Amino acid sequence: MTQITHQARLYLITPPVIPDVEAFARELEAALDAGDVAALQIRLKDINDYDLIAVTKVIAPIAQSRGVAVLMNDRVQLVKSLKLDGAHIGQSDMPLKEARALLGKEAMIGVTCHNSRDLAMDAAEAGADYVAFGAFYPTTTKTVEHMADLETLTIWQEMVEIPCVAIGGITAENAGEVARAGADFIAVSGAVWNHPAGAATGVKALIAAISAT
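Note that the structure is predicted; figures quoted are calculated from it, not measured.

Novice: Tell me what's going on with the sheet that holds strand 1 (residues 9–13), and back it up with residues and numbers.
Specialist: Strand order in this closed barrel of eight strands is 1-2-3-4-5-6-7-8, and the pairing throughout is parallel. The sheet shows a mean angle of 25° between the axes of neighbouring strands, taken without regard to direction. Where strand 2 (residues 37–42) meets strand 3 (residues 69–73), four bridges bridge the pair, whose relative direction is parallel. Bridge assignment links Ala39 to a residue of strand 3, and that residue is Ala69. The sheet strands contacting helix 8 (residues 199–211) are strand 1, strand 2 and strand 8 (185–188), and the helix crosses strand 1 at an angle near 145°.

The structure is reproduced here in structure tokens:
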């Protein structure tokens, strides 16, 4: 496999459930202060808009004050009122064209493309700011319906300028090979929030693995 010589960056995704917002806020601060993080995606599928807004108002300023872009998963309609940086949409969420019309050209919009370069090319041509491929490894964070090949990242990196995000089961043990394959961003959740030594240690371990490529 071709080795890609560029530095991938970390892209954090919230845990699927945040039972204690204040405790998570402290953990988030520690995680973001532990090293370079490019973005935070708020992905809380199983709560209503009211509760999601309340959580976001606590955690988004923590990230944005550190220069970290904050993206909302799926619920595009909440992005502007919460002053977020953009949205991440899946194939069954709001269409990209509709999301762009709602958020404007300055917003960052990323699209899940599973392991399909065709879906990714469609998203790129439609104006996505990045495409996300995955899952690359088994994960317990969400139900995996599509597995992706590292070669998909390499081919994309060689052919297309729009950045690609790798997601799904990535840990400090395998982040290096994902970065070498060509991911611009390494998206992680459990590897940080479930780290036995805390989120800050999880971030440091991942960045060390990425930096060693």
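Novice: Now, about empty space enclosed by the protein: what can you tell me, with residues and values included?
Specialist: Inspection of the entire model under this criterion finds one cavity of 30 Å³ or more. Counted as a void, the largest cavity has a volume near 40 Å³. Considering the residues around the largest cavity, the lining is formed by Ile42, Arg43, Leu44, Lys45, Leu52, Met72, Asn73, Asp74 and Arg75. In terms of residue class, the lining of the largest cavity is built from four nonpolar, one polar and four charged.

Novice: Please give an account of the layout of surface pockets that cites residues and values.
Specialist: Of the pockets and cavities examined, the largest pocket occupies roughly 790 Å³. In this structure, the largest pocket is lined by 37 residues; those nearest its centre are Arg43, Thr112, Lys142, Thr143 and Ile167. Per-class residue counts for the lining of the largest pocket are eleven nonpolar, 21 polar and five charged.

Novice: Tell me about unusual backbone geometry, and name the residues and values.
Specialist: If a residue is not glycine, its phi is most likely negative; likewise, a peptide bond is most likely trans. Cis geometry is found at the peptide bond from Gly134 to Ala135, where omega equals 5°. Its location among the elements puts Ala135 in the loop between strand 6 (130–134) and helix 5 (150–159). Positioned with a positive phi, Lys83 is a non-glycine residue whose angle comes to about 60°. Its place among the elements puts Lys83 in the loop between strand 3 and strand 4 (86–89).

Novice: Help me get a handle on the pairing of strand 2, residues and values and all.
Specialist: For strand 2, the tally of buried residues reaches six of six residues, placing the bulk of the element in the interior. Sheet analysis places strand 1 next to strand 2, joined by four bridges and oriented parallel. Note on strand 2: the bridge partner recorded for Leu12 is Leu40. Once the chain exits strand 1 it traverses helix 1 (residues 21–33) before rejoining the sheet at strand 2, and the crossover so formed is right-handed. A crossover links strand 2 with its parallel partner strand 3, the connecting element being helix 2 (residues 49–64), and its sense is right-handed.

Novice: Which residues make up the pattern of salt bridges, and what values do they have?
Specialist: Going through the model one piece at a time under the given rule, you end up with five salt bridges. Notably, a salt bridge pairs Arg75 with Asp49, separated by 2.7 Å at the nearest N-O pair. With Arg75 in the loop between strand 3 and strand 4 and Asp49 in helix 2, this pair connects stretches of sequence that are 26 residues apart. On the accessibility criterion, Arg75 (13% relative accessible area) is buried. Asp49 gets classed as partly exposed once you look at its relative accessible area, which sits at 30%.

Novice: So what about the state of the cysteines? Which residues, and what values?
Specialist: For the structure shown, the criterion picks out zero disulfides. You can see Cys113 has no disulfide; the closest cysteine sulfur is in Cys164, sitting 10 Å from it. Classification of Cys113 by relative accessible area gives buried; the value is 0%.

Cut-offs used in this document
Residues numbered from 1 in each chain as written. Predicted model: local features only at pLDDT ≥ 70, side-chain atom pairs only at ≥ 80, totals over all residues. Heavy atoms only, no water. Pairing = 2+ DSSP bridges. Helix = DSSP H or I, 4+ residues; strand = E, 2+ residues; numbered from the N terminus. Axes fitted to C-alpha atoms, helices over the stretch in contact; angles between N-to-C directions. Contact = heavy atoms within 4.5 Å. 1 Å grid on protein atoms, 1.4 Å probe; cavity = no way out; pocket = protein on both sides within 12 Å on 5 of 7 lines; lining within 4 Å. Points joined across faces, edges and corners; volume = space filled by probe spheres on them. Nonpolar A, V, L, I, M, F, W, Y, C, P; charged D, E, K, R; others polar. Buried < 20%, exposed > 50% of the residue type's maximum accessible area, 1.4 Å probe, protein only. Right-handed = clockwise from strand over helix to strand, strands pointing away. Salt bridge = Lys/Arg side-chain N within 4 Å of Asp/Glu carboxyl O. Disulfide = S-S within 2.5 Å.

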